[in-house]
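A structural walkthrough
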Amino acid sequence: MTQEERNKVFEALLWYCEQDTLAIVMIFQYWESLMNKEMNTDIRRLLNYCAENGRVCPMPHKWKQLYELLPNTKRKLNGGFDPPAPLILSAWHHSSNFQKIMRLKEHIEWAVEQGSLETIAQYLYSLDEEDWFYQNH
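Figured I'd write up the structure that's included with this text. From a predicted model like this one, the values you see are computed outputs, not experimental measurements. (Residues numbered from 1 in each chain as written. Predicted model: local features only at pLDDT ≥ 70, side-chain atom pairs only at ≥ 80, totals over all residues. Heavy atoms only, no water.)

1. A look at helix 4 (residues 97-113)
Taking 1.5 Å of rise per residue, 17 residues should cover 24 Å, and helix 4 covers 24 Å from first to last C-alpha, within 8% of that figure. Turning to helix 4, its buried residues number three or more, namely Asn97, Lys100, Arg103, Leu104, His107, Ile108, Trp110 and Ala111. Buried positions in helix 4, seen along its axis, are confined to an arc of 155° and lie on one side of it. For helix 4, the exposed residues lying more than 90 degrees away from the buried face are Phe98 and Glu113. The positive-phi residue at the C-terminal boundary of helix 4 is Gly115, with phi of around 75°. (Helix = DSSP H or I, 4+ residues; strand = E, 2+ residues; numbered from the N terminus. Expected span 1.5 Å × (residues − 1). Buried < 20%, exposed > 50% of the residue type's maximum accessible area, 1.4 Å probe, protein only. Arc of directions from axis to C-beta.)

2. Focus on the packing of aromatic side chains
Taken as a whole and judged by the stated rule, the model has three aromatic pairs. On the numbers, 5.0 Å between centres and 70° between planes, the contact of Trp92 with Phe133 is edge-to-face. One end of the pair, Trp92, is in helix 3 (residues 90-93); the other, Phe133, is in strand 4 (residues 132-134), and 41 residues separate them in sequence. Since its relative accessible area comes to 10%, Phe133 is described here as buried. Taken together, the ring pairs in this structure connect Tyr49, Tyr125 and Trp132 into an aromatic cluster. A cation sits over an aromatic face here: Lys100 above Phe133, 4.8 Å from the ring centre. (Phe/Tyr/Trp six-rings, centres within 6.5 Å; stacked < 30°, edge-to-face > 60°. Lys NZ or Arg CZ within 6 Å of the ring centre and 35° of its normal.)

3. With respect to the pattern of salt bridges
Applying the stated criterion across every chain, the model contains seven salt bridges. Put simply, Glu4 and Lys8 hold a salt bridge, and the shortest N to O gap is 3.8 Å. One end of the pair is Glu4 and the other is Lys8, both in helix 1 (residues 3-51) and four residues apart, which spans about a single turn. Here Lys64 ties to Glu68 by a salt bridge, and the two come within 2.5 Å at their closest N and O atoms. Pair noted here: Lys64 and Glu68 are both in helix 2 (residues 60-69), with a separation of four residues, about one helical turn. On the basis of relative accessibility, which here comes to 52%, the residue Glu68 falls in the exposed class. Here the residues in one salt-bridge network are Glu52, Arg55 and Glu129, joined through shared partners. (Salt bridge = Lys/Arg side-chain N within 4 Å of Asp/Glu carboxyl O.)

Written out as C-alpha cells, the structure is:
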C-alpha cells in the first residue's frame, strides 16, 4: 500500500469515527431531552399541587421535616444555609406568603438539582390538608 493510499484510508477512518461519535451524541441528547420533559412535567405538577386551593407552604414543623429530607444541605462560611432554611420560627411571622411560596420553590428546585425530587414529592403529596398553611390564614 502506498503512502497516499494509507493517507486516504486514515482520512476515511477519521471521518467514520466523527460520524459515529456524532450519532452517539445525538442519541444521548434525544434521550436526555425526553428525561428533561418528563422531569419538567413532574416539577410543574408538584408546584401546581403546592399552590392548589390556596396552599402556601407546609406548616412550620412539616416544613422543617421537608428541609431535613433535602440532601447535601450545608452551612455557608459567611452564615446562612444552602439552600436557605425554611421560613419558620421567627421568620414565619416576618415573611409574606409570597416569600414563603418562593422559598418552598427553592427547596423543590434544590431537590431537583440533587436528584431527590421523587422523595420530596412523595413527602409533600403525603401531607394532610391541616399540614399546609393557606393564603386565607
